Amino acid sequence: MMGIGSYGYNVPISHKMFVGYDVPEGVDIRGRYDEDYARILTKDAIQFVAELQREFRNHINYAMECRKEAKMKYNSGALPGFDPVTRYIREGEWTCAPVPPAVADRKVEITGPVERKMIINALNSGAKVFMADFEDALSPSWENLMSGQVNLKDAVNGTISFHDKARNRVYKLNDQTAKLFVRPRGWHLPEAHIFIDGEPATGCLVDFGLYFFHNFAAFRRTQGQGYGPFFYLPKMEHSREAKMWNSVFERAEKMAGIERGSIRATVLIETLPAVFQMDEILYELRDHSVGLNCGRWDYIFSYVKTFQAHPDRLLPDRVLVGMTQHFMKSYSDRLIWTCHRRGVHAMGGMAAQIPIRDDPAANEAALELVRKDKLREVKAGHDGTWAAHPGLIPACLEVFNNNMQGNAPHQIQSMKREDAAFINEEDLLQIPRGVRTMDGLRLNTRVGIQYSAAWLTGTGSVPLYNLMEDAATAEISRVQNWQWLKYGVELDGDGLGVKVTLDLFGRVVEEEMARIEREVGKEKFKKGMYKEACKIFTRQCTAPTLDDFLTLNAYNNIVIHHPKGSSRL
Ligand SMILES: CC(=O)SCCNC(=O)CCNC(=O)[C@H](O)C(C)(C)COP(=O)(O)OP(=O)(O)OC[C@H]1O[C@@H](n2cnc3c(N)ncnc32)[C@H](O)[C@@H]1OP(=O)(O)O
Ligand SMILES: O=CC(=O)O
Ligand SMILES: [Mg+2]
């Protein structure tokens, strides 16, 4: 009844009668029709997305070409660094627009996919902010994206509820809820279920456009104290990409008839090139900015990706690349200095530990690691941090409440970190120290395959071995394997002189697949998409040229095109 395809074709089906979305000229919706989704995919909302697409498509194409050009430069041996052309921005005295009162206090922010029950749990979690994620934590299937929009609309309207029939439990919003930020996808991802003028739409414009169109008015009234909506912006590599977002925001404000500077966004600094552009990014967004965030996991991924052709910059085991490595500490310190100098929040990142339900001692050890990470952040001057799970909110809040300097709900004025002004290119690029082991190779493989299997079946964040895994952490596993294979590295931590070869990797994959089957059980293994995931992950790890993104390459596997309209037989 439905056509499965890499984007570009529909499977003809003979239904007698179709209902479909009412679309404006030039738009073709190839995703499944659903009455709930039709509340989101209204003609006016789609028209707004199409206008954004038409206005910005050339800019986006240009920005993506610039990414390719930068990659070629790095692949020929160049290092990323500060741009002499924009020195005047870095050295100039300017600040961003004042922080909106509604989000002055961001001590702890919970993140999670736009799943109905999780949205309610996150908003009720006691965190100050909830970042609802269309990105690292979400597998961007049509169902996930569209039901995510429905859920967010109900959340902003305050009407969201969820009935867990199996547990006979009804979920509703508390009186006091976290402030909502929404993270759209990155600039590079297409939305292959919506075609505009014959081309797939840009994923982030769909996420942003639909959410903004339906929610700006209610959000500003109920949550934003006259500001908003609020966003998180992922995976940018250059300030030109921030400039595009700024123009998108201005265009949206104009359409909505709201004051310029109403929309506010926090940019994740999570690519290596972007760390040299923090001032420039804030400058482009200075009327729409509410800070920067240390997206540590994608940042590590980006370090490997940027240096894919630099065999002298190989990473040690993934578990050894933490925030105390010099390049990571330098990045976080410079981010704090930059943000506070420009008058905005410097947000910390995500510790990977999550509560461990069935083992109190292990649970306490995990909590202690989270506390330690948060203590380091608050003492360094961060104004808030991220938590992956409601069970971590009280501990994170306690650390921030007890250790922030000054009386404000942030440390923007009280922790200037002038010492971090001297952090230079060498600090930011310093090669992480540590050893490489067979365990590291095995863990990358086991986690990468299991995450990919979850992603292919519609889940974008999963608990694996008591840690949160999402697209960013899986990327590290993938590119690290690729790097080790490409350069045939020696696993120097094992003292056996073993080199990573295709043959060794093949055996590791086989053994780890067997282990996964044992761990998840035969039934789940058979029903899940482990074999497909293994194929995709293995191909990516052994590809002669490194794929830019795991999810971009795997996306074709989750695109499902339906005939125009669905059956009403
Ligand atoms: C690198 C980055 O980009 S980080 C940001 C992106 N990543 C994320 O946002 C990850 C967010 N976290 C998660 O998705 C989840 O916590 C996981 C997948 C890691 C673990 O989830 P689970 O295995 O379901 O956790 P667990 O079973 O302990 O959950 C207990 C309860 O907490 C809820 N819960 C867990 N995490 C969250 C969350 N982040 N937001 C809201 N509710 C949550 C569960 O839904 C469950 O609710 P219930 O008791 O009402 O049924
Ligand atoms: O998005 C956050 C990250 O760490 O990546
Ligand atoms: Mg990220």
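Residues numbered from 1 in each chain as written. Chains lettered and ligands numbered in written order. Predicted model: local features only at pLDDT ≥ 70, side-chain atom pairs only at ≥ 80, totals over all residues. Heavy atoms only, no water.

**Thoughts on the nonpolar core**
Phase 1: Among the nonpolar cores identified, the biggest contains 142 residues, and Leu41, Leu180, Trp187, Phe208, Trp245 and Ile269 are the most heavily contacted of them.
Phase 2: When residues of this core are sorted by domain, at least three fall in each of domain 1 (46-353 + 361-428) and domain 2 (438-557).
Phase 3: Filtering out sequence-adjacent residues up to four positions away, Trp245 remains in contact with Pro184, Trp187, Cys204, Phe208, Leu233, Met236 and Leu285. (Core = buried A, V, L, I, M, F, W, Y, C linked by side-chain atoms within 4.5 Å. Buried < 20%, exposed > 50% of the residue type's maximum accessible area, 1.4 Å probe, protein only. Domains from an automatic or database assignment. Contact = heavy atoms within 4.5 Å.)

**Some thoughts on the domain arrangement of the protein**
How big an interface is tends to be stated in terms of accessible area lost as the parts join.
Phase 1: The domain boundaries assigned to the protein delineate domain 1 (46-353 + 361-428) and domain 2 (438-557).
Phase 2: Taken residue by residue, the interface counts 38 residues in domain 1 and 35 residues in domain 2.
Phase 3: With both chains or domains summed, domain 1 and domain 2 bury close to 3,000 Å², and 62% of this area falls on carbon and sulfur atoms.
Phase 4: Looking only at domain 1, the three residues that lose the most surface to domain 2 are Phe301, Gln308 and Arg318, adding up to 24% of its buried area. (Buried area = accessible area lost by both parts, 1.4 Å probe.)

**Points about the site of ligand 2**
Phase 1: Within the structure, ligand 2 sits among Asp136, Arg183, Leu268, Glu270, Gly295, Arg296, Trp297, Asp298, Trp386 and Ala472.
Phase 2: Bound to the protein, ligand 2 loses 97% of the 200 Å² it would expose on its own.
Phase 3: If you tally residues by element for the shell around ligand 2, the top one is helix α10 (residues 296-306), at three residues. (Near = heavy atom within 4 Å. Areas by Shrake-Rupley, 256 points an atom, 1.4 Å probe, with all protein chains shown as cover. Helix = DSSP H or I, 4+ residues; strand = E, 2+ residues; numbered from the N terminus.)

**Comments concerning the packing of aromatic side chains**
Phase 1: Counted under the stated rule, the structure contains 26 aromatic pairs.
Phase 2: Seen from their ring centres, Phe231 and Phe249 are 6.0 Å apart, and the 25 degrees between their planes marks the pair as stacked. Residue Phe231 is located in strand β11 (residues 230-233), and its partner Phe249 is located in helix α7 (residues 239-256); the two are separated by 18 residues in the primary sequence. When sorted by exposure, Phe231 lands in the same class as Phe249, which is buried.
Phase 3: Here the aromatic rings of Tyr303 and Phe307 are separated by 4.9 Å at their centres, their planes lie at 75 degrees, and the arrangement is edge-to-face. Assigned by exposure class, Tyr303 and Phe307 land together as buried.
Phase 4: Grouped by ring-pair contacts, the aromatic residues Phe48, Trp187, Phe208, Tyr211, Phe212, Phe213, Phe216, Phe231, Trp245 and Phe249 constitute a single cluster.
Phase 5: Above the ring of Trp94, the side-chain terminus of Arg342 is found at 3.9 Å from the ring centroid.
Phase 6: Here the guanidinium or amino end of Arg446 rests over the ring plane of Tyr465, the centre of that ring lying 4.9 Å away. (Phe/Tyr/Trp six-rings, centres within 6.5 Å; stacked < 30°, edge-to-face > 60°. Lys NZ or Arg CZ within 6 Å of the ring centre and 35° of its normal.)

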